[in-house]
Amino acid sequence: MREIELLVEAYLTAERDLVAAVDASGGAVPLLDGRIVSVGRASLETIPGWRRKRAWVTIRRNAPMPPRR
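An account of the accompanying structure is given in this report. (Residues numbered from 1 in each chain as written. Predicted model: local features only at pLDDT ≥ 70, side-chain atom pairs only at ≥ 80, totals over all residues. Heavy atoms only, no water.)

Side note on the overall build of the protein
1) Next: The number of helices and strands found in the protein is 1 helix and 3 strands.
2) Next: Starting at the N terminus and walking to the C terminus, you meet the elements of the protein as α-β-β-β.
3) Next: Taken against the 2.2 N^0.38 rule, which gives 11 Å for 69 residues, the C-alpha radius of gyration of the protein at 16 Å runs more than 25% over that of a compact globule.
4) Next: Structurally, the protein occupies a C-alpha span of about 45 × 35 × 30 Å along its principal axes.
5) Next: Among the 69 residues that make up the protein, the fraction classed as buried is 13%. (Helix = DSSP H or I, 4+ residues; strand = E, 2+ residues; numbered from the N terminus. Rg over C-alpha atoms; globule rule 2.2 N^0.38 Å. Buried < 20%, exposed > 50% of the residue type's maximum accessible area, 1.4 Å probe, protein only.)

Comments concerning the nonpolar core
1) Next: Counting 5 residues, the largest nonpolar core is built from Val19, Val22, Val37, Ala55 and Val57.
2) Next: Contributions of two or more residues to this core are made by helix H1 (2–24) and strand E3 (50–61).
3) Next: Ignoring sequence-local partners within four residues, the contact set of Ala55 consists of Glu15, Val19, Val39, Gly40 and Arg41. (Core = buried A, V, L, I, M, F, W, Y, C linked by side-chain atoms within 4.5 Å. Contact = heavy atoms within 4.5 Å.)

Topic: H1
1) Next: Look at H1: 33 Å from first C-alpha to last across 23 residues, which is about the 33 Å you get at 1.5 Å a residue.
2) Next: Looking at the residues trailing H1, positive phi occurs at Gly26, about 95°. (Expected span 1.5 Å × (residues − 1).)

Description of the pattern of salt bridges
1) Next: Enumeration according to the criterion identifies 3 salt bridges in this entry.
2) Next: Linking Arg2 and Glu5 is a salt bridge whose minimum nitrogen-to-oxygen distance equals 3.2 Å. Here the residue Arg2 and the residue Glu5 both occupy positions in helix H1, the gap between them amounting to 3 residues, near one helical turn.
3) Next: What makes Glu5 partly exposed here is its relative accessible area of 40%.
4) Next: Between Asp33 and Arg35 there is a salt bridge, with its nearest N and O atoms 2.7 Å apart.
5) Next: The class of Asp33 is partly exposed, set by a relative accessible area of 37%. (Salt bridge = Lys/Arg side-chain N within 4 Å of Asp/Glu carboxyl O.)

Encoded structure:
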């Protein structure tokens, strides 16, 4: 169980650092292999009157849109 806790903490630290790096770069960052890294944000009210902000990173590949039918 302790190993999982350590992995979760390492993951959350890396995600926080990646969000900061993408923000510092001005938004969506293209990678050399064609993927794009961007940041999503939300403000959640989990307990009435207590608002929590959350940011996460999305990594997606630029793929051509399929033709419309």
